[in-house]
Amino acid sequence: MTYAFDIDGTLTPDPKRMGDMMSSLVRAGNRVIVLTGAIRGTEITRPERIAQLNSLGIHHDEHYDEIFISVGGDMVEVARGKGKVCREEKVDMVFEDNEDFIRFIRTMSPQTITMMVRA
């Protein structure tokens, strides 16, 4: 199975607990991706996102396989980008804290189970 995790508001409130879940999924043979988004012009670069994850104790190969960054001109474009990634990468379940993003993911990738994360 393929699982996706947002960073801000999803991993950041409790990185230890979320990281433990991610590493358990990886060890069980699942594909785990990090799926984050940003408004064009304000986005954090891929190396900065990887450094952010490392600072949270979440490391490539141990906790996740790939990182995808949806960049758009506004939040709607970012949400569409996340939905597109879920559809194209055949994500089975996504963990996300933004209700608007969840709505777009459900529309664009109906096979993806969405899990709302609350801090």
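Starting afresh in each chain, residues are numbered from 1 along the sequence in its written order. Given that the model is predicted, a residue must reach a pLDDT of at least 70 before its local features are reported, and side-chain atom pairs must reach 80 or more before they are shown or counted; all residues, however, enter totals for whole chains, interfaces and linings. As a convention, hydrogens and water are excluded, and side-chain values are obtained from all of the structure's heavy atoms.

Notes on the pairing of strand 1 (residues 2–5)
Part 1 of the argument: Think of it in three bands: residues with accessible area under 20% of the maximum for their type are buried, residues over 50% are exposed, and the middle band is partly exposed, with areas taken using a 1.4 Å probe on protein chains only. Numbering of helices and strands starts at the N terminus; helices are DSSP runs of H or I of at least 4 residues and strands are runs of E of at least 2. Neither face of strand 1 is open: one carries Thr2 and Ala4, the other Tyr3 and Phe5, and all of them are buried.
Part 2 of the argument: Being paired, for any two strands, means DSSP has found at least two bridges between them. Across 4 bridges, strand 1 lies against strand 2 (residues 31–39) in parallel orientation. When the bridges of strand 2 are listed, Tyr3 appears paired with Val32.
Part 3 of the argument: Summarising the sheet, strand 1 and strand 4 (residues 93–96) pair through 3 bridges and their orientation is parallel. The residue of strand 4 that forms the bridge with Ala4 is Val94.

Topic: the nonpolar core
Part 1 of the argument: By nonpolar core we mean a set of buried residues, namely Ala, Val, Leu, Ile, Met, Phe, Trp, Tyr and Cys, connected to one another through side-chain atoms within 4.5 Å. By size, the foremost hydrophobic cluster in this structure holds 17 residues, and its most contacted members are Phe5, Leu11, Met22, Val32, Val34, Leu53 and Tyr64.
Part 2 of the argument: Looking at this core, the elements that each hand over two or more residues are strand 1, helix 1 (15–27), strand 2 and strand 4.
Part 3 of the argument: Among the elements that line this core, the one with the most residues is helix 1, at 4 residues.
Part 4 of the argument: Only heavy atoms enter the contact rule, under which two residues are in contact if any of them lie within 4.5 Å. Leu11 has contacts with Phe5, Asp6, Met18, Met22, Leu53 and Ile58, leaving out every residue within four places of it along the chain.
Part 5 of the argument: Core analysis: the next-biggest nonpolar cluster, separate from the first, contains 9 residues, Ile33, Phe68, Val85 and Val94 among them.

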